[in-house]
Amino acid sequence: WMGTSYPSLKPMLSYIEDFLLRWKFMLNWIKNDIPYMFWFSAFFFQQAFLTGVLQNYARKDKIAIDQIIWNFKVMKMSFVPEAHPDRGAYSNG
């Protein structure tokens, strides 16, 4: 299983628990549309997610993607968004 899955150093039981949580996150996304907050650790290739966030931002304002810089705002652990942000994305994990 380690040769055909996403990279993980977890033993098999912990790996399966993690896999099921990832699967649940993706399934929820499919069933209920784009989540208000993304579980960053659920992505196998996180750079692709970040590039997608940049692309959406660039398309919205019609600017070149290479002219965009990252800006982060750290939220409290108790923060639960009730809507999508105007720009960018909320993420945790």
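In this report, the structure presented in the accompanying data block is examined.

In the structure shown here, the tally under the stated rule is three salt bridges. Of the charged contacts, one joins D18 and R22 as a salt bridge, the two residues approaching to 2.8 Å between their closest N and O atoms. Pair noted here: D18 and R22 are both in helix α1 (residues 12-32), with a separation of four residues, about one helical turn. We classify D18 as buried; its relative accessible area is 11%. Note that D61 is salt-bridged to R87, the shortest N-O span being 2.5 Å. With D61 in helix α2 (residues 46-61) and R87 in the loop between α2 and β2 (90-92), this pair connects stretches of sequence that are 26 residues apart. On the accessibility criterion, D61 (31% relative accessible area) is partly exposed.

For the rest of this paragraph, the subject is unusual backbone geometry. Its identity is not glycine, yet D33 carries a phi of approximately 75 degrees, on the positive side. Looking at where D33 falls in the secondary structure, it is placed in the loop between α1 and β1 (37-39). For D33, a relative accessible area of 54% gives the class exposed. A positive phi is found at K62, a non-glycine position, where the angle reads about 55 degrees. Note on K62: relative accessible area 77%, which makes it exposed.

This brings us to α2. Within an α-helix, residues lying three or four positions from one another point in the same direction, as the helix has 3.6 residues per turn. Between its terminal C-alpha atoms α2 stretches 23 Å, which fits the 22 Å expected from 16 residues at 1.5 Å a residue. When α2 is considered as a whole, its buried residues turn out to be F49, V53, L54 and A58. Those residues of α2 hidden inside the fold are in contact with β1. Count one or two residues on from α2 and you reach K62, which has phi positive near 55 degrees.

As a further point, take the packing of aromatic side chains. Going through the model one piece at a time under the given rule, you end up with 13 aromatic pairs. Look at F25 and F43: their rings are 6.1 Å apart centre to centre, the planes differ by 90 degrees, and that puts the pair in the edge-to-face class. Taken as a pair, F25 in helix α1 and F43 in the loop between β1 and α2 lie far apart in primary sequence, 18 residues in all. Residue F25 shares its accessibility class with F43, and that shared class is buried. Between W70 and F72, the ring centres sit 5.8 Å apart and the planes meet at 15 degrees, which makes this aromatic pair stacked. Using a relative accessible area of 39% as the deciding quantity, one classes W70 as partly exposed. In textbook terms, an aromatic cluster arises when at least three aromatic residues are bridged by ring pairs, as seen for F25, W29, F38, W39, F40, F43 and F49. Its end group placed over the ring of Y6, R22 keeps NZ or CZ at 3.8 Å from the ring centre.

What counts, and at which threshold
Residues numbered from 1 in each chain as written. Predicted model: local features only at pLDDT ≥ 70, side-chain atom pairs only at ≥ 80, totals over all residues. Heavy atoms only, no water. Salt bridge = Lys/Arg side-chain N within 4 Å of Asp/Glu carboxyl O. Helix = DSSP H or I, 4+ residues; strand = E, 2+ residues; numbered from the N terminus. Buried < 20%, exposed > 50% of the residue type's maximum accessible area, 1.4 Å probe, protein only. Expected span 1.5 Å × (residues − 1). Contact = heavy atoms within 4.5 Å. Phe/Tyr/Trp six-rings, centres within 6.5 Å; stacked < 30°, edge-to-face > 60°. Lys NZ or Arg CZ within 6 Å of the ring centre and 35° of its normal.

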